[in-house]
Amino acid sequence: VTGELFIVQARPETVHSQRSVDTLKIYTLTGSAESLVTGLAVGEHIATGPVRRIESPEDMNQLGWGDVLVTEITDPDWEPILKRAAALVTERGGRTSHTAIVARELGIPAIVGTGPIHEMLANDQVVTVSCAEGETGVVYNGQVAFETTDIDVLTLPETRTDILLNVGNPGEALKHSLLPSSGVGLARMEFIFASHVGIHPLALTRRDQLPVAVRREVDAAISSYREPTEFLVDRLSQGIGTIAAAFWPRPVILRFSDFKTNEYAGLLGGRQFEPTEANPMLGWRGASRYYHPDYRDGFELEVAAVLRVRNVFGLTNLKVMVPFCRTPAEGRAVLEVMSDCGLAHGSQDLEVYVMAEIPANVLQADAFAEVFDGFSIGSNDLTQLTLGVDRDSATVAHLFDERDVAVKRACSMVIRAAKEAGKKIGICGQAPSDYPDFAAFLVGEGIDSISVTPDALPRTIKRVAEAELALDAG
């Protein structure tokens, strides 16, 4: 009422303050046991726990804290409870599937693309999930001994190349902000959507089109808000603002939502507004949604949330990025919608980047450079579209390799074009986190920044420093 803030109680914090923020843990398996299942490793951690086989998101409340979640594959519907899991094991998916991305953000080990495992892992069976043995993850029978080694991040060398972090979970932002990074190279809007909102944007802007039963669910979820749209803007801005505040004044690049239509449909009220596509990965996603009359009012809520973070919270270190932008004209259309909503490109030094993840972004990099302030290479989609490999398919996962000559040539081309245009260029895809040699290749090409998951920060910094020394020497 008065605009004042009253602090009515203060007491010492005795848990988090006792933890060291200057160290990272390295996991090493020291025991041995029967190997039950193998797949693609995500992260470098090891965890032990009882198996919990769950077939559908409708049953996900069966997952207990510290369980090893075993399922066919996860999608954004699962995100609210995945933090309970000690580890994830999925039959389908690749290293850049939804399961893999979320596991990295939460800092838990995951093994994906195992193939059918119904008869191999039984409920309540204690297993050890190891992702610390290279690219192949292994599920071992029983509790297998392992050890951890702490690395002092304060001893890491300095680099000319900016090393940033991929941060999706606002709850982890404060912890990760204490690591020696140059900021956030990728904050995913869809992760914040799933953890803080859970409702399809159009279910709030077009409530009259919802079936009665679904409308009741939506109304129950937003009951504490006077306006339906304020629910989404408030929740999104809180999540985004937490990340931007944690890293202030270092830059935080927020990527606007990049759900596919099948993922949007999984949000509450989403099935009413989403088409059924044969191949959602190549369908109505990213930039093509933002200016389209069938979704524009939903995107306007994302823009309103960003506007609140920058103008009301004062966190002008927040920058934005447009994903899956197929043409320069499409980029200009997105900027026009943003400007109409009050988020003008360049206003209060707002920088707008574009993902370089489609071959067209590489081949027309000079034209995209006229629209945007810079690029961020999305090596996951760029590899998928360059090699023609479905990144969610376990069957062809062995062909998905960011280090393929064609992919590296594409990266070289877009880096060179960005430099010629005087624009910034970085990378936020998974490749530098998984392959130190790929990070060294990017340094040799002259990339400005590399954004990696927090667990990959120490080795990436060391490898980049070594690559820079080699360049200076030779």
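Before any of the text, the structure's been laid out above.
What you see is a predicted model; the values in this text were computed from it and never measured. (Residues numbered from 1 in each chain as written. Predicted model: local features only at pLDDT ≥ 70, side-chain atom pairs only at ≥ 80, totals over all residues. Heavy atoms only, no water.)

J.: So what's going on with the overall build of the protein chain? Residues and values would help.
T.: Each helix and strand in the protein chain was counted, giving 18 helices and 17 strands. Taken over C-alpha atoms, the radius of gyration comes to 22 Å for the protein chain, in line with the 23 Å a tight globule of 474 residues would show. The principal-axis extent of the C-alpha atoms belonging to the protein chain is close to 60 × 60 × 55 Å. Expressed as a percentage of the 474 residues in the protein chain, the buried residues total 55%. Within the protein chain, contacts between residues separated by at least 24 positions form 68% of all contacts whose residues are at least 6 apart in sequence. For the protein chain, the accessible area works out to roughly 20,200 Å², and carbon and sulfur atoms hold 50% of it. Averaging the locations of the 42 positively and 64 negatively charged side chains of the protein chain gives two centres separated by 2 Å. (Helix = DSSP H or I, 4+ residues; strand = E, 2+ residues; numbered from the N terminus. Rg over C-alpha atoms; globule rule 2.2 N^0.38 Å. Buried < 20%, exposed > 50% of the residue type's maximum accessible area, 1.4 Å probe, protein only. Contact = heavy atoms within 4.5 Å. Areas by Shrake-Rupley, 256 points an atom, 1.4 Å probe, with all protein chains shown as cover. Lys, Arg positive; Asp, Glu negative; His and termini not counted. Charge placed at Lys NZ, Arg CZ, Asp CG, Glu CD.)

J.: Let's hear about the sheet that holds strand β13 (residues 318-322): which residues, and what values?
T.: Spatial ordering of the closed barrel is given by β10-β11-β12-β13-β14-β15-β16-β17, a layout of eight strands whose pairing is parallel. Shown here is a sheet whose adjacent strand axes are inclined to one another by a mean of 30 degrees, direction ignored. Packed onto the sheet, helix α4 (residues 189-197) meets β11 (184-188) and β12 (252-255) and runs at close to 45 degrees relative to β11. (Pairing = 2+ DSSP bridges. Axes fitted to C-alpha atoms, helices over the stretch in contact; angles between N-to-C directions.)

J.: Any details on the nonpolar core? Residues and values, ideally.
T.: Across soluble globular proteins, nonpolar side chains have a tendency to be buried as a group. By size, the foremost hydrophobic cluster in this structure holds 97 residues, and its most contacted members are I240, M338, F375, I377 and I450. Here this core takes nine residues from helix α7 (residues 228-247), the largest share from any one element. What M338 contacts, discounting residues up to four positions off in sequence, is F256, F299, V303, V320, L343, A344, L350 and V352. Membership of the second largest hydrophobic core comes to 18 residues, among which are I54, M60, L63 and A103. (Core = buried A, V, L, I, M, F, W, Y, C linked by side-chain atoms within 4.5 Å.)

J.: Break down empty space enclosed by the protein for me, citing the residues and quoting the values.
T.: Overall, the coordinates contain three cavities of 30 Å³ or more when judged by the stated rule. Its boundaries defined by the atoms lining it, the largest cavity holds a volume of some 40 Å³. Contributing to the lining of the largest cavity are E79, K83, V102, L106, N169, F191 and S195. Where the lining of the largest cavity is concerned, the elements lending two or more residues are α2 (98-106) and α4. The class makeup of the residues in the lining of the largest cavity is three nonpolar, two polar and two charged. (1 Å grid on protein atoms, 1.4 Å probe; cavity = no way out; pocket = protein on both sides within 12 Å on 5 of 7 lines; lining within 4 Å. Points joined across faces, edges and corners; volume = space filled by probe spheres on them. Nonpolar A, V, L, I, M, F, W, Y, C, P; charged D, E, K, R; others polar.)

J.: Any chance you could break down the sheet that holds strand β4 (residues 68-71) for me, citing the residues and the numbers?
T.: In space, the seven strands of this closed barrel follow the order β2-β6-β5-β4-β3-β7-β8, with mixed pairing throughout. On average, adjacent strands in this sheet sit at an angle of 35 degrees to one another, irrespective of strand direction. Examined bridge by bridge, strand β2 (residues 35-42) and strand β8 (residues 136-141) share five bridges and lie antiparallel to one another. Opposite T38, over in β8, you have V138 as the bridge partner.

J.: Tell me about the pattern of salt bridges, and name the residues and values.
T.: Any two side chains of opposite charge can pair, on the condition that their charged atoms come close. Applying the stated criterion to the full structure yields 21 salt bridges. Its salt-bridge partner being R53, residue E91 comes within 3.0 Å of it at the nearest N-O pair. Note that E91 is positioned in the loop between β5 (87-90) and α2 and R53 in strand β3 (residues 46-53), a separation of 38 residues in sequence. The exposure class assigned to E91 is buried, which follows from its relative accessible area of 9%. For R53, a relative accessible area of 13% puts it in the buried group. Close ionic contact of E72 with R92 constitutes a salt bridge, the shortest N to O distance being 3.4 Å. (Salt bridge = Lys/Arg side-chain N within 4 Å of Asp/Glu carboxyl O.)

J.: Tell me about the packing of aromatic side chains, and please be specific about residues and values.
T.: Throughout the structure, instances matching the rule amount to nine aromatic pairs. Between Y27 and F146, the aromatic rings sit 6.0 Å apart at their centres with planes inclined by 35 degrees, giving tilted as the arrangement. With Y27 in strand β1 (residues 23-29) and F146 in strand β9 (residues 146-152), this residue pair connects regions lying 119 residues apart in the sequence. When the centroid spacing of 5.0 Å and the interplanar angle of 75 degrees are considered together, the rings of F256 and F299 count as edge-to-face. Remark: F299 occurs in helix α10 (residues 296-312) and F256 occurs in the loop between β12 and α8 (261-265); sequence separation between them is 43 residues. Residue F299 is classed as buried on the basis of its relative accessible area, which comes to 0%. Residue placement shows R289 over the ring face of Y295; its charged tip is 4.4 Å from the ring centre. Geometry around Y435 places R403 over its ring, the cationic atom sitting 3.6 Å from the centre. (Phe/Tyr/Trp six-rings, centres within 6.5 Å; stacked < 30°, edge-to-face > 60°. Lys NZ or Arg CZ within 6 Å of the ring centre and 35° of its normal.)

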